[in-house]
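Listed below, chain by chain, are the residues.
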Amino acid sequence: MTINIRNCSRCKRIFVPVSGEKICPDCRAEELKLEDHVKSYVRDHPGITVNQLIEGSGAPSKLVWRMIMQGQFENSGLRDAKYPCGNCGKIITRGAYCDECAGKLKQNAQKFAEAMNSKRRAAEKKAQSSGKTFSDSMYDAMSNSRSR
Ligand SMILES: [Zn+2]
Ligand SMILES: [Zn+2]
């Protein structure tokens, strides 16, 4: 049996990840402490801006923005925890995309899955009636749709 070991991406120490972590337990604990510190800083300074928070708490801006994107500061008194949607640029306060884009992206993924499913069903039917192998018919279905 092999034991997975990994270099902590923060302190470079070797550790054994339990479920795919990129940083060692020591660094994780430190990060959690830092997150707590950042959160209580916002509680203690209602109405501050993101920059004031980063400067005042001494936390890395990367950590602060990650917390903002996770929605940890919603309704928290942090004044300008806003950034553009990754797709349309609309100003949002949590997640990677605005509601509209998130909905559209989800719909597209669903449509794609449905299209693939109906192609597969059609190919299966064709295979049954024509005596061709399933993969032959699947290939036909795929190339037909491509040339269309
Ligand atoms: Zn570490
Ligand atoms: Zn958007």
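From a predicted model like this one, the values you see are computed outputs, not experimental measurements.

> Any details on the packing of helix 1 (residues 25-44) against helix 2 (residues 50-57)? Residues and values, ideally.
The geometry of helix 1 relative to helix 2 is characterised by a closest axis approach of 10 Å and an angle of 125 degrees between their N-to-C directions. By the criterion of interaxial angle, the relationship of helix 1 to helix 2 is oblique. Read as a crossing pair, helix 1 and helix 2 show a hand that is right-handed. The segment helix 1 lies against helix 2, with His37, Val38, Tyr41 and Val42 engaging Leu53, Gly56 and Ser57. Counted by class, the contact of helix 1 with helix 2 contains four nonpolar, three polar and no charged residues.

> Go over unusual backbone geometry with me, naming the residues and quoting the values.
For residues besides glycine, phi is generally negative; the peptide bonds are generally trans as well. Non-glycine residue Lys12 carries a positive phi angle of around 70 degrees. When you line up the elements, Lys12 lands in the loop between strand 1 (6-7) and strand 2 (14-15). Judged by local crowding, Lys12 falls into the exposed class, with 8 C-beta atoms found within 10 Å.

Thresholds, definitions, all that
- Residues numbered from 1 in each chain as written.
- Chains lettered and ligands numbered in written order.
- Predicted model: local features only at pLDDT ≥ 70, side-chain atom pairs only at ≥ 80, totals over all residues.
- Axes fitted to C-alpha atoms, helices over the stretch in contact; angles between N-to-C directions.
- Helix = DSSP H or I, 4+ residues; strand = E, 2+ residues; numbered from the N terminus.
- Parallel < 35°, antiparallel > 145°, perpendicular 65-115°, else oblique.
- Left-handed = near helix turned anticlockwise from the far one by under 90°.
- Contact = placed C-beta atoms within 7 Å.
- Nonpolar A, V, L, I, M, F, W, Y, C, P; charged D, E, K, R; others polar.
- Buried ≥ 20, exposed ≤ 12 C-beta atoms within 10 Å, placed from the backbone.

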